[in-house]
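Structural characterization, general
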Amino acid sequence: MASTQFSTDSTPDLRGPILIGIGLATVLAAQLYATIPLASAMAVIGLGATLTLFARQQHELVIQFNLLIYAAIVSFTIGSQFYPSANFVVLIDAAAALVILFRAFKTTLAQN
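Residues numbered from 1 in each chain as written. Predicted model: local features only at pLDDT ≥ 70, side-chain atom pairs only at ≥ 80, totals over all residues. Heavy atoms only, no water.

**Quick look at the overall build of the chain**
Helix and strand content of the chain: four helices and zero strands. A compact globule built from 112 residues would reach a C-alpha radius of gyration of about 13 Å, whereas the chain, at 17 Å, exceeds it by more than 25%. Each principal axis of the C-alpha atoms in the chain carries an extent, and together these give about 60 × 30 × 20 Å. On the chain, roughly 7700 Å² of surface is accessible, and the fraction owed to carbon and sulfur atoms is 68%. (Helix = DSSP H or I, 4+ residues; strand = E, 2+ residues; numbered from the N terminus. Rg over C-alpha atoms; globule rule 2.2 N^0.38 Å. Areas by Shrake-Rupley, 256 points an atom, 1.4 Å probe, with all protein chains shown as cover.)

Here it is in structure tokens:
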């Protein structure tokens, strides 16, 4: 039986999974409190997924497709928040979500 050796000198990059956890916790909290905006939480999940794909050294096309999907999800979330009422909190949440998505796109471009 062959033994598998794990390197102990490098620590795993946990930024992606931590961001995914924060985003999912926000989404779950929004189920209890309807006033919590969701667009930035979805963008944080998208950024975390992008960083996780980079850590696992996935193919560039997979990472770009991931960003495309999360950009669509965030845009639908922004649209659904603006439909019932457009207030200052929703506007700030939409701006924050766009900044987070641009950060994910910038990360993708910097890695290539």
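More follows now that the structure is in view.
**A short note on the confidence of the model for the chain**
Confidence in the prediction of the chain, expressed as mean pLDDT, is 85, and 90% of residues score 70 or more. Ranking the elements of the chain by mean pLDDT puts helix α4 (residues 88-111) last with 88 and helix α1 (residues 15-32) first with 93. (pLDDT = per-residue confidence, 0-100.)

**Section: the side chain of Asn66**
If you trace the backbone, Asn66 turns up in helix α3 (residues 60-82). When residues no more than four places from it in sequence are discounted, the contact partners of Asn66 are Gly46, Ala49, Thr50 and Leu53. (Contact = heavy atoms within 4.5 Å.)

**Regarding helix α2 (residues 39-55)**
Residues spaced three or four apart along an α-helix face the same direction, because each turn holds 3.6 residues. Along its 17 residues, α2 runs 24 Å from first to last C-alpha, staying within 8% of the 24 Å computed at 1.5 Å per residue. Burial within α2 is extensive, with 16 of its 17 residues counted as buried. A positive backbone phi angle near 55 degrees is found at Gln57, which sits one or two residues after α2. (Expected span 1.5 Å × (residues − 1). Buried < 20%, exposed > 50% of the residue type's maximum accessible area, 1.4 Å probe, protein only.)

**Section: the layout of surface pockets**
If you add up the space inside the largest pocket, you get close to 230 Å³. Around the largest pocket, the lining is made up of 13 residues, and of these Ala34, Thr35, Ile36, Pro37 and Gln81 lie nearest the centre. For the lining of the largest pocket, the secondary structure elements donating two or more residues are α1 and α4. Along the lines of polarity and charge, the residues of the lining of the largest pocket split into eight nonpolar, five polar and no charged. (1 Å grid on protein atoms, 1.4 Å probe; cavity = no way out; pocket = protein on both sides within 12 Å on 5 of 7 lines; lining within 4 Å. Points joined across faces, edges and corners; volume = space filled by probe spheres on them. Nonpolar A, V, L, I, M, F, W, Y, C, P; charged D, E, K, R; others polar.)

**Observations concerning α4**
With 24 residues, α4 extends 35 Å from end C-alpha to end C-alpha; this agrees with the ideal 34 Å at 1.5 Å per step. Those residues of α4 that fall on the buried side of the exposure criterion are Val90, Asp93, Ala94, Ala97, Ile100, Leu101, Ala104, Thr107 and Thr108. Contact partners of the buried residues in α4: α2 and α3.

**Notes on the packing of α2 against α3**
When two helices pack together, their arrangement is captured by the angle between the axes and the distance separating the axes. At a minimum axis separation of 9 Å, α2 and α3 run at an interaxial angle of 175 degrees. When the interaxial angle is binned, α2 and α3 end up roughly antiparallel. Two secondary-structure elements touch here, α2 through Ala39, Met42, Ala43, Ile45, Gly46, Ala49, Thr50, Leu53 and Phe54 and α3 through Val62, Ile63, Asn66, Leu67, Tyr70, Ile73, Val74, Thr77, Ile78 and Gln81. Residues that form the contact of α2 with α3 fall into these classes: 14 nonpolar, five polar and no charged. (Axes fitted to C-alpha atoms, helices over the stretch in contact; angles between N-to-C directions. Parallel < 35°, antiparallel > 145°, perpendicular 65-115°, else oblique.)

**Quick notes on the nonpolar core**
Soluble, globular proteins show a tendency: their nonpolar side chains are buried together. Counting 19 residues, the largest nonpolar core has Ala43, Val74, Ile78 and Ala97 as its most contacted members. A total of nine residues in this core trace back to one element, the largest contributor, which is α2. In this view, Ala97 contacts Ala39, Ser40, Ala43, Val74 and Ile78; residues no more than four positions away in its chain are not counted. (Core = buried A, V, L, I, M, F, W, Y, C linked by side-chain atoms within 4.5 Å.)

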